Amino acid sequence: MTTPLLVIVAFVLVAAAVGVVGRGRGEMNIERWAVGGRRFGVVLVWLLTAGEIYTTFTFLGASGWAYSRGAPAFYILAYGTIGYIISFFLLPPVWRMAKRLGLHTQPDFFLARYDSPALATLVVVIGVVSIVPYLQLQLAGLGMIVEIASAGAVSSSVAIVVAFAVTCVFVYTSGIKGIAWVSIIKDVAMIVAVAVIGIGLPAMYFGGVGKMLAELIRQHPAHLTFPGGTTTMGAGWVVSTVLLTGMGFYCWPHTFASAFSAKDDRTLRRNAVIMPLYQLPVLLVFFVGFTALLVMPGLANPDTALLALVNRSYPGWFAGFVGGAGAVTAMVPAAMLLLGASTLVAKNLYRPLRRGAVSEQHLMRASRGFMLVIAVTALALALWSPHELVKLLIFGYDGIAQLFPGIALGVFVRRATARPVILGLVAGFAVVVGLIWSGNDPFLGLNAGFVGLAVNAAVTLVAMAVGSAGEPAGAHVPGTQC
Amino acid sequence: MLRTRIVSGSPRAGIIVIVAGDVPRGALVSALIPALALVAGLPFVNRIEPVVLGLPFLLFWILGWVLLTPVFLAVAYVLARAAAARAAGGAGR
């Protein structure tokens with residue numbers, strides 16, 4: 001085994017061990033598994049939130065985008081910040097409601113707020129449809145990291161299967177708390193790796209970040225303003241994308257549900273205050289991508305820019321460290337996605353189908369069972385349908401953000417009811433699918449998902465206005481199912 | 001008994017209305033400033049010059065506002081806490 005590979009394997013095993021040990025004592029139940037018994041303070045919530053935002057896409061994708069697209073990649077710095085600002089207002093009331101009613105999942109929220117099983121089911125479907133490609137992307141990134149770090153000695157398929165199996169073990173045994181603990185390793189390793197290469201690589205080749213940027217401005221001035229190295233990603237695209245992804249940020253079922261693990265609503269607000277600072281490593285990742293553009297232009301796959309430059313510039317053990325950090329950076333979000341999707345399916349599809357005759361232990365078993373089913377599905381997709389990942393990811397974000405009107409109206413507007421939200425959701429989703437399939441993304445210079453979101457919001461608001469005109473004011477329709 | 005606890009989140013709870021009444025207008029305004037700078041501001045700063053601290057202006061602008069956001073949100077946090085404390089105090093008496 002080569003040095004980099006040994007380091008990566010050690011990394012993955014240590015992370016998994018921490019995940020298994022991190023479960024703590026006592027019997028596992030759905031409350032502990034899915035929301036950590038709602039006892040997490042600022043630190044664990046921070047780790048979880050950070051665990052979700054720093055994915056393989058940030059590590060490889062952000063450097064790849066900086067390398068190939070330039071300035072449009074800056075949206076990655078901006079959208080998380082917008083997401084945190086929105087969460088400052090949105091999450092505390094959501095948390096209070098979740099606490100009062102013992103909610104575990106995002107569809108639980110929709111069911112409790114709108115009293116509509118149809119809407120809750122729609123939310124499950126959109127959630128899972130969006131999560132699977134996102135999970136698939138983490139796996140593909142992980143495979144790429146190991147394959148490059150081992151210089152092809154380990155194929156990406158083998159790496160994907162092994163690392164994912166290890167991830168499944170700690171999610172299966174420990175649930176969300178195990179993931180939070182693994183996040184510590186991941187975040188420390190990721191920050192160290194990014195700090196070293198983000199500052200080190202520009203210094204190594206150009207004598208500093210400032211000199212590297214000056215060289216970039218001299219050689220590729222157009223790269224550093226919108227639309228950068230693209231023809232379609234102008235300012236309009238960036239603005240609409242920041243809005244779309246900022247609003248979609250907490251719409252992911254696993255991100256939304258991770259808010260439930262906080263011990264109180266103030267924790268969430270404090271978290272929102274500090275989280276923007278956690279975006280800074282992304283800036284360093286951009287610097288790596290820029291350096292790679294100057295040092296080794298013309299790479300066939302821009303996503304490999306960071307790894308290729310690291311391999312070329314550092315000794316094997318450090319390349320292994322970066323690879324290991326990258327591998328864990330794929331495992332933690334993959335674990336969150338798995339946990340989120342399986343809880344969703346077990347609680348909001350399986351249990352309603354069984355008409356309520358499901359005990360808590362049964363639900364716990366079902367969640368674990370569905371976790372394995374979803375894991376195998378994503379694994380199969382990652383192994384046998386490896387293309388179109390970026391397209392799928394874009395589609396995932398475009399789709400999941402359509403939940404935003406339903407969440408925001410649910411929290412802030414008393415009159416909002418299920419039917420307008422369903423109509424808007426369906427309309428927005430249809431517009432997104434139509435625009436992407438017909439090759440119209442961007443549409444009129446705007447992100448297609450944003451166009452869908454605008455249609456969604458408009459339909460929802462119109463339907464609310466029309467619907468409330470026909471109803472007696474303040475009347476609610478109680479559950480209609482038997 | 002266990003089952004009842006879980007089911008409490010189900011439709012039988014009826015439509016629950018929650019209102020985010022604990023956020024005063026000042027907190028909203030404070031949080032809106034960095035949001036506007038990072039969204040609406042972008043088309044107006046889409047240039048390289050002036051280079052600040054070695055960063056092209058566009059990147060400097062985005063980075064600067066990301067760094068300032070915690071300050072604006074901290075102000076919003078303090079305002080929201082104060083408003084909540086006032087509301088609680090009023091209700092208590």
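Note that the coordinates shown come from a computational prediction; the quantities given were computed from them, not determined experimentally. (Residues numbered from 1 in each chain as written. Chains lettered and ligands numbered in written order. Predicted model: local features only at pLDDT ≥ 70, side-chain atom pairs only at ≥ 80, totals over all residues.)

### Topic: the overall build of chain B
Next, step 1: A tally of helices and strands in chain B yields three helices and zero strands.
Next, step 2: Secondary structure elements of chain B occur, N-terminal to C-terminal, as α-α-α.
Next, step 3: Residue burial in chain B is summarised as follows: out of 93 residues, 29% are buried.
Next, step 4: In chain B, 64% of the contacts between residues at least 6 apart in sequence involve partners at least 24 apart. (Helix = DSSP H or I, 4+ residues; strand = E, 2+ residues; numbered from the N terminus. Buried ≥ 20, exposed ≤ 12 C-beta atoms within 10 Å, placed from the backbone. Contact = placed C-beta atoms within 7 Å.)

### Side note on the overall build of chain A
Next, step 1: What chain A contains, in helices and strands, is 20 helices and zero strands.
Next, step 2: Relative to a compact globule of 482 residues, whose C-alpha radius of gyration would be 23 Å, chain A shows 22 Å and is just as compact.
Next, step 3: If one aligns the C-alpha atoms of chain A with their principal axes, the spans along those axes are about 70 × 55 × 40 Å.
Next, step 4: When contacts within chain A are restricted to residue pairs at least 6 apart in sequence, long-range pairs at least 24 apart make up 83% of them. (Rg over C-alpha atoms; globule rule 2.2 N^0.38 Å.)

### What to know about the environment of histidine 104 of chain A
Next, step 1: For histidine 104 of chain A, the location among the structural elements is in the loop between helix H5 (75–101) and helix H6 (106–114).
Next, step 2: Spatially, the C-alpha atom of histidine 104 of chain A lies 17 Å from that of isoleucine 179 of chain A, the residues being 75 residues apart in sequence.

### Some remarks on helix H10 (residues 235–248) of chain A
Residues and elements named next belong to chain A.
Next, step 1: When the terminal C-alpha atoms of H10 are compared, their 20 Å separation across 14 residues agrees well with the 20 Å that a helix rising 1.5 Å per residue should span.
Next, step 2: Counting buried residues along H10, twelve of its 14 residues qualify, which places the element largely inside the surrounding structure.
Next, step 3: Within H10 the residues assigned to the buried category are Trp237, Val238, Val239, Ser240, Thr241, Val242, Leu243, Leu244, Thr245, Gly246, Met247 and Gly248. (Expected span 1.5 Å × (residues − 1).)

### What about unusual backbone geometry?
Next, step 1: Looking along the chain, the bond that leaves phenylalanine 226 of chain A and enters proline 227 of chain A is cis, with omega of 0 degrees.
Next, step 2: Within the fold, proline 227 of chain A resides in the loop between helix H9 (209–219) and H10.
Next, step 3: For the bond running from glutamate 49 of chain B to proline 50 of chain B, omega is -5 degrees, close enough to zero to count as cis.
Next, step 4: Looking at the secondary structure, you find proline 50 of chain B in the loop between helix H2 (25–39) and helix H3 (57–92).

### Concerning the packing of helix H1 (residues 3–21) of chain A against helix H8 (residues 156–206) of chain A
Residues and elements named next belong to chain A.
Next, step 1: Interaxial distance between H1 and H8 falls to 6 Å at its minimum, and their mutual angle equals 70 degrees. Here H1 lies roughly perpendicular to H8, going by the angle between them. Counted together, Val12, Val14, Ala15, Ala16, Val18, Gly19 and Val20 of H1 and Ala163, Val166, Val169, Phe170, Thr173, Ser174, Gly178, Ile179, Trp181, Val182 and Ile185 of H8 form the full contact between these two elements.
Next, step 2: Considered class by class, the residues forming the contact of H1 with H8 number 14 nonpolar, four polar and no charged. (Axes fitted to C-alpha atoms, helices over the stretch in contact; angles between N-to-C directions. Parallel < 35°, antiparallel > 145°, perpendicular 65-115°, else oblique. Nonpolar A, V, L, I, M, F, W, Y, C, P; charged D, E, K, R; others polar.)

### As for the confidence of the model for chain B
Residues and elements named next belong to chain B.
Next, step 1: When pLDDT is averaged along chain B, the result is 77, and 72% of the positions lie at 70 or above.
Next, step 2: Counting contacts from residues 1–20, a segment whose pLDDT is below 50, to residues more than four positions away or on other chains yields 44 contacts.
Next, step 3: Interface confidence for the predicted complex, given as ipTM, is 0.87, next to a pTM of 0.87. (pLDDT = per-residue confidence, 0-100.)

### Concerning the nonpolar core
Next, step 1: Val12, Phe74, Ala327, Val328, Ala335 and Leu338 of chain A together with Ile62 of chain B are the most contacted members of the largest nonpolar core, which totals 206 residues.
Next, step 2: Element by element, the count of residues in this core is highest for H8 of chain A, at 21 residues.
Next, step 3: Beyond its immediate sequence surroundings of up to four residues, alanine 335 of chain A is in contact with Thr167, Phe170, Val171 and Ile179 of chain A. (Core = buried A, V, L, I, M, F, W, Y, C linked by C-beta atoms within 7 Å.)

### As for the packing of helix H7 (residues 117–149) of chain A against helix H15 (residues 316–353) of chain A
All names here are of chain A.
Next, step 1: Contact geometry for H7 and H15: axes closest at 8 Å, N-to-C directions at 160 degrees. The orientation of H7 relative to H15 falls into the category roughly antiparallel. As H7 runs across H15, the sense of the crossing is left-handed.
Next, step 2: Looking at the contact of H7 with H15 residue by residue, the class counts come to 24 nonpolar, nine polar and no charged. (Left-handed = near helix turned anticlockwise from the far one by under 90°.)

### Examining the environment of tyrosine 77 of chain B
Next, step 1: On the secondary structure map, tyrosine 77 of chain B appears in helix H3.
Next, step 2: Residue class for tyrosine 77 of chain B comes out buried when judged on the 20 C-beta atoms lying within 10 Å of it.
Next, step 3: Expressed as a C-alpha distance, the spacing of tyrosine 77 of chain B and valine 29 of chain B, which sit 48 residues apart in the sequence, is 12 Å.
Next, step 4: Look past the residues within four positions of tyrosine 77 of chain B in its chain and what remains in contact with it is Arg269 and Val273 of chain A.

### Remarks on the environment of arginine 86 of chain B
Next, step 1: Along the chain, the position of arginine 86 of chain B falls in helix H3.
Next, step 2: Taking C-alpha positions, arginine 86 of chain B is 44 Å from leucine 55 of chain B, a pair spaced 31 residues apart along the chain.

### Considering the confidence of the model for chain A
Residue and element names in this part refer to chain A.
Next, step 1: Averaged over every residue, the pLDDT of chain A is 85; the share at 70 or more is 91%.
Next, step 2: Model confidence for chain A, summarised as mean pLDDT per element, is weakest for helix H3 (residues 42–53) at 69 and strongest for H9 at 95.
Next, step 3: For residues 472–482, every residue scores under 50 in pLDDT, and the model assigns this stretch seven contacts once sequence neighbours within four places are set aside.

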